[in-house]
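Residue strings, one per chain:
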Amino acid sequence: MQKLKLFLFLLFVLSSSLGMAQAKDNAIISRIVEEATGNSQLEKLGHELMDGIGPRLVGTPLMQKAHDWAVAKYKTWGIEARNEKWGEWRSWERGITHIDMVHPRVKTLQGMQLAWSPGTGGKTVTAEVIILADVEDSIAFQKWLPSVKGKFVMISQLQPTGRPEYNWKEFGTEESQEKIKKEKARVTEEWNKRISKTGYTNRTLPVALENAGAAGVLMSYWSNAFGANKIFGANTKKVPTVDISLEDYGLLYRLAESGQQPKISLRADSKDLGMASTFNTIAEIKGTEKPGEYVMLSAHFDSWDGGTGATDNGTGTLVMMEAMRILKKVYPNPKRTILVGHWGSEEQGLNGSRAFVEDHPQIVDNLQALFNQDNGTGRVVNISGQGFLHAYDYIGRWLSAVPEDIRKHIETRFPGSPGGGGSDYASFVAAGAPAFSLSSNSWLYGTYTWHTNLDTYDKIVFDDVRNNAILTAILVYMACEDPEKTSREKAVLPVNQRTGQPGRWPEKRSPTRKGGLD
Ligand SMILES: [Zn+2]
């Protein structure tokens, strides 16, 4: 009898302390939701970052401005923050691009110089537009090359349609859908042949053209969506490389092809500013019980600069900043230390996060968990265990605290397989640290906004971003409070279907610490 009484008493004590922990969790979680919905800062932060500061290309003055803005913002919330230098990059500043067709009629064209493009030296250059010749071989190309002197040369194919595939599917007959698909494949294949017959690649051809005296290089990297072109970096060193919208590029191409000898006037300004230091912005809320263990929020801060990097990765940035602000307010004394990493130069190969992993082994070794978000504005719909054998236990535990209206959208995959790249969590996974990707639904991210001129404030879906800020804050809270340290045991990876070899864990890689010089 006595023993049974004691047992029942202990059971009572245990269950009531569990009950108390649960009650504390519930209270904090409701306050997270309240703060995120009743006092959201997302719209304001989004406006300041995307509209006020703008795109954040590595090495540019605007990237630096964004780092300084983030540090100042954290300080206003009472959160300690700093910019940590990890390398340097060629510094370039985008100026205006004005493109007008002036013959056979006048039309202002839509387009912009690529990142790191040389300008027109403060002048407006007017010249004829010609199409890259379809030659027999590289010898014939060398013979043709002098004819580019003083001309703008088009180096992209003509698109057979300006309508995206989904539009054809909705309105086209089956026959016309089939036909346009074949036509697109044919034109692309022929254009690739045209390039390779020159003896150059897409990378080296622009340099051959400028060395032969071309006035500039014109291209059009259509993103298979209405109005969207992808804007990357220029390969030319002396004359501008300009991307022109599908519609206007097609116009010039067809006029040149039909012998109308179109002419454009181009003014492109840009500044080369030498080398600039590159940074990660790190902010921190110190842990009380286990300050030497870390829970991290993670999102790259840099972007391409055709738009303002709103969904890549302005929205991931907003999620992490807002989650930090909320946590500081409702959970100011976390058990473990909370860190956020706003990485520089993800776009050139995860450079900021790889540098952090290399420079902070003590943090990486004591990482409880990291949550990264970087695939658009959508609500989180997928979380993978990244190949960690016991991820199911802890992620499952933490997710169970997330309100049903957020959790119901999320599909989990355990143990999953380790991500080898794609975004910054992979830098940590490669080091064997439990890092996870909060993966969003698409909102047609891949075609409309990813690295395009349309990646702007108006594409942000604030309700979904708010959903993600709440989710992140709760996961971070639960990971901080968890009595157990997370397991890093790796799952046996399935055999690689292609090679027939056992699956291998991705290798840790070093960042490029000095970039933009090639
Ligand atoms: Zn990204």
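Remember, predicted model here, so these are calculated numbers, not experimental data. (Residues numbered from 1 in each chain as written. Predicted model: local features only at pLDDT ≥ 70, side-chain atom pairs only at ≥ 80, totals over all residues. Heavy atoms only, no water.)

**As for the overall build of the protein**
Helices and strands together make up the secondary structure of the protein, namely 16 helices and 16 strands. The C-alpha extent of the protein, read off along each of the three principal axes, is 105 × 50 × 40 Å. Considering the protein as a whole, with its 518 residues, one finds that 53% of them fall into the buried category. Expressed as a percentage of contacts within the protein between residues at least 6 apart in sequence, the contacts between residues at least 24 apart total 84%. When the accessible surface of the protein is totalled, it reaches about 23100 Å², and 54% of it is carbon and sulfur. (Helix = DSSP H or I, 4+ residues; strand = E, 2+ residues; numbered from the N terminus. Buried < 20%, exposed > 50% of the residue type's maximum accessible area, 1.4 Å probe, protein only. Contact = heavy atoms within 4.5 Å. Areas by Shrake-Rupley, 256 points an atom, 1.4 Å probe, with all protein chains shown as cover.)

**Focus: helix α10 (residues 351-359)**
Across the 9 residues that make up α10, a large majority, 7, are buried. Buried within α10 are the following residues: Asn351, Gly352, Ser353, Arg354, Ala355, Phe356 and Val357. The secondary structure elements touched by the buried residues of α10 are β1 (80-103), β8 (263-285), β9 (290-300), β10 (336-343), α11 (361-365) and α14 (425-430).

**Section: the pattern of salt bridges**
Inspection of the entire model under this criterion finds 31 salt bridges. Look at the salt bridges and you will find they share partners, linking Glu80, Arg82, Glu84, Glu284 and Lys286 into a network. (Salt bridge = Lys/Arg side-chain N within 4 Å of Asp/Glu carboxyl O.)

**Considering the coordination of the zinc ion**
Where a metal carries four tetrahedral donors, each ideal angle is 109.5 degrees; where it carries six octahedral donors, the ideal angles are 90 or 180 degrees. Taken together, the protein ligands of the zinc ion are His300 (NE2), Asp312 (OD), Asp374 (OD) and Asp374 (OD), with distances of 1.9 to 2.8 Å. Viewed at the metal, the 4 donor atoms of the zinc ion are separated by angles of 50 to 149°, and the geometry they form is irregular. Within one chain, the residues serving as donors to the zinc ion are arranged as H-x11-D-x61-D. In this pair, Asp312 is assigned in helix α9 (residues 310-330) and Asp374 in the loop between β11 (367-372) and β12 (380-384), connecting sequence segments 62 residues apart. In terms of burial, Asp312 and Asp374 fall into one category: buried. (Donors = N, O, S within 2.8 Å, 3.2 Å for Na, K, Ca; no water. Tetrahedral: all angles 85-135°; square planar, octahedral: opposite > 155°, others 65-115°.)

**Notes on the side chain of Asp25**
Summarising the element assignment, Asp25 is placed in helix α1 (residues 2-38). Nearest to the buried, unbridged Asp25 among oppositely charged side chains is Lys24, at 5.7 Å. With near-sequence residues (within four places) excluded, Asp25 lies in contact with Tyr477 and Met478. (Lys, Arg positive; Asp, Glu negative; His and termini not counted.)

**As for the sheet that holds β12**
The strands making up a sheet associate through hydrogen bonds between their backbones, and the pairing can be parallel or antiparallel. In spatial order, the strands read β13-β12-β15; together these 3 strands make up an open sheet with mixed pairing. The sheet is open, and its two edges are formed by β13 (411-413) and β15 (439-440), each paired on a single side. The pairing of β12 with β15 spans 2 bridges and is classified as antiparallel. Its bridge partner lying in β15, Val380 is registered against Ser440. (Pairing = 2+ DSSP bridges.)

Coordinates in, geometry out; function isn't part of it.
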